[in-house]
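Topology and contacts: notes
So you can see what is in the structure, the chains are spelled out below.
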Amino acid sequence: MLDRIGITATSLCALHCILLPILLPMLPLMGLSFLADHAWEHVFLLMTAALGSIALFSGFKRYHKRLYPFYLLYLGVALYWIKHDFSQELEPYFIIGGASLIIAAHFINIKLCNSCKRCEDEACNS
């Protein structure tokens, strides 16, 4: 369940970042100008990373004992975090790359957890 929430949150964050330049002129009219702030993006990204860490740790501890979903999650978060350090032309690539890695981490965690639910405890831990 947490993985599915994480996938949804990451997708919404990516959509927010991609559509923001289009919607930016309308935000003050709707009273939503705070969504254009970099601090909001960082808060949302940190919440996504925390939720992702909890979801991945749950699968790691209970089922699969694999670390590579964590690597994908944190690499995706890092890509997202540094997107402002590059030109605006490159930002969409960092957004798509970061979001893809975070979503992949959740999908892989789901797949690993589902495969271990059907196997013996000893086989999952090896």
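Residues numbered from 1 in each chain as written. Predicted model: local features only at pLDDT ≥ 70, side-chain atom pairs only at ≥ 80, totals over all residues. Heavy atoms only, no water.

Taking an unreviewed UniProt entry as the reference, the protein chain is identified by name as Membrane protein belonging to Colwellia marinimaniae.

1. Re the overall build of the protein chain
Condition: What counts as a helix is a DSSP run of H or I of at least four residues, what counts as a strand is a run of E of at least two, and both are numbered from the N terminus. Only protein chains enter the accessibility calculation, which uses a 1.4 Å probe; a residue is then buried when its area is under 20% of its type maximum, exposed when over 50%, and partly exposed in between. Should any heavy atoms of two residues lie within 4.5 Å, those residues are counted as being in contact. Using a 1.4 Å probe, accessible areas were evaluated by the Shrake-Rupley method; residue-level cover was limited to the displayed protein chains.
Within the protein chain, the secondary structure is distributed over five helices and zero strands. Taking all 126 residues of the protein chain together, 37% fall into the buried category. The contacts in the protein chain between residues at least 6 apart in sequence include a share of 70% that link residues at least 24 apart. When the accessible surface of the protein chain is split by element, carbon and sulfur atoms take 69% of a total near 7,800 Å².

2. Some points on helix α2 (residues 38-64)
Basically, it comes down to this: By this rule the span expected of a helix is its residue count minus one, scaled by 1.5 Å.
Look at α2: 36 Å from first C-alpha to last across 27 residues, which is about the 39 Å you get at 1.5 Å a residue. Glu-41, Leu-45, Thr-48, Ala-49, Leu-51, Gly-52, Ser-53, Ala-55, Leu-56, Gly-59 and His-64 are the residues of α2 that are buried.

3. A short note on a nonpolar patch on the surface
Just so we agree on the cut-off: Excluding any residue in a salt bridge, patches collect residues exceeding 30% relative accessible area, merging like charges within 9 Å and nonpolar Val, Leu, Ile, Met, Phe, Trp and Tyr side chains within 5 Å. When a carboxyl oxygen of Asp or Glu is within 4 Å of a side-chain nitrogen of Lys or Arg, the pair counts as a salt bridge.
A contiguous nonpolar surface patch, about 540 Å² in accessible area, is contributed by Leu-12, Leu-15, Ile-18, Leu-19, Ile-22 and Ile-96. With five residues, the top contributor of residues to the nonpolar patch is helix α1 (residues 2-23). Within the element layout of this structure, Ile-18 appears in helix α1.

4. Notes on the packing of aromatic side chains
Basically, it comes down to this: Pairing of aromatic side chains here covers Phe, Tyr and the six-membered ring of Trp, requires ring centres within 6.5 Å, and sorts the geometry by plane angle: under 30 degrees stacked, over 60 edge-to-face, intermediate tilted.
Summed over the entire model, instances satisfying the criterion amount to four aromatic pairs. Taking 6.3 Å as the distance between ring centres and 25 degrees as the angle between the ring planes, the aromatic pair formed by Phe-70 and Tyr-74 counts as stacked. In this pair, Phe-70 and Tyr-74 both sit in helix α3 (residues 68-81), four residues apart, roughly one turn of the helix. The exposure class assigned to Tyr-74 is partly exposed, which follows from its relative accessible area of 41%. On the basis of an interplanar angle of 20 degrees and a centroid distance of 4.6 Å, the ring pair of Phe-86 and Phe-94 is categorised as stacked.

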